[in-house]
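Spelled out, the chains give:
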Amino acid sequence: VCGVACGIFHVLALDVHGRVYSWGDGSSGQLGHGDCTDQLLPRHVTFHDTSPSQSTLEFPEFLVSRISAAAEHSACVTTDGR
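My aim in this report is to walk through the structure given alongside it, one point at a time. The shown structure was predicted, so the numbers you read here are calculated from the model rather than taken from an experiment.

## Comments concerning the pairing of strand β6 (residues 74–78)
So, step 1. In the sheet, strand β5 (residues 64–69) pairs with β6 via five bridges, with the strands oriented antiparallel. Pairing of V64 across the sheet is with T78, part of β6.
So, step 2. Between the end of β5 and the start of β6, which pair antiparallel, lie four residues.

Listed below in structure tokens is the structure:
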């Protein structure tokens, strides 16, 4: 783990490979798993390029360089600045 960001009731962790994990209160969707479920243990967050220029069969995963968490939201910046 090379980075940690804490919200009020949730946590994000960034590993050296650019992967993000989240856990804690997910009631506002702030964990980034596409639902509003709480997570007791760290769970990998996936980010995929779904832009029209990408094939629907090919979704490369983004690598993250920065993470941030606040009361009811989380944010990140990818290695390519997205």
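That was the structure; now back to the text.
## Examining the sheet that holds strand β3 (residues 20–24)
So, step 1. Strand order across the open sheet formed by four strands is β1-β2-β3-β4, with antiparallel pairing between neighbours. A single partner strand is all that each edge strand has here, and the edge strands are β1 (3–6) and β4 (39–45). Across the sheet, the mean angle from the axis of one strand to that of its neighbour is 20°, orientation sign disregarded.
So, step 2. Across five bridges, the pairing between strand β2 (residues 10–14) and β3 is antiparallel. Looking across to β3, one finds that V11 is bridged to W23.

## Describing the environment of Y21
So, step 1. Mapped onto the elements of the fold, Y21 is located in strand β3.
So, step 2. For the pair Y21 and H44, spaced 23 residues apart in the sequence, the C-alpha separation amounts to 4.3 Å.
So, step 3. Y21 has contacts with V11, L12, A13, D15, P42, R43, H44 and V45, leaving out every residue within four places of it along the chain.

## As for the side chain of H33
So, step 1. Mapped onto the elements of the fold, H33 is located in the loop between β3 and β4.
So, step 2. In this structure the side chain of H33 is engaged in a polar contact, spanning 2.8 Å, whose partner is the side chain of S22.
So, step 3. Discounting chain neighbours no more than four positions away, the residues touching H33 are S22, Q39, R43, H44 and V45.

## Re the nonpolar core
A general tendency of soluble globular proteins is for nonpolar side chains to be buried together.
So, step 1. If you look at the biggest cluster of nonpolar residues, it comprises eight residues: A5, L12, L14, V20, V45, V64, I67 and A69.
So, step 2. Elements represented by at least two residues in this core include exactly β2 and β5.
So, step 3. The greatest single-element share of this core, amounting to three residues, is contributed by β5.
So, step 4. Not counting residues up to four positions away in its chain, the partners in contact with A69 are A5, C6, G7, H10, L12 and S74.

Conventions adopted
- Residues numbered from 1 in each chain as written.
- Predicted model: local features only at pLDDT ≥ 70, side-chain atom pairs only at ≥ 80, totals over all residues.
- Heavy atoms only, no water.
- Pairing = 2+ DSSP bridges.
- Helix = DSSP H or I, 4+ residues; strand = E, 2+ residues; numbered from the N terminus.
- Axes fitted to C-alpha atoms, helices over the stretch in contact; angles between N-to-C directions.
- Contact = heavy atoms within 4.5 Å.
- Polar contact = N/O pair within 3.5 Å; in protein donor to acceptor, adjacent residues only side chain to side chain.
- Core = buried A, V, L, I, M, F, W, Y, C linked by side-chain atoms within 4.5 Å.
- Buried < 20%, exposed > 50% of the residue type's maximum accessible area, 1.4 Å probe, protein only.

The values are spatial; any link to function lies outside them.
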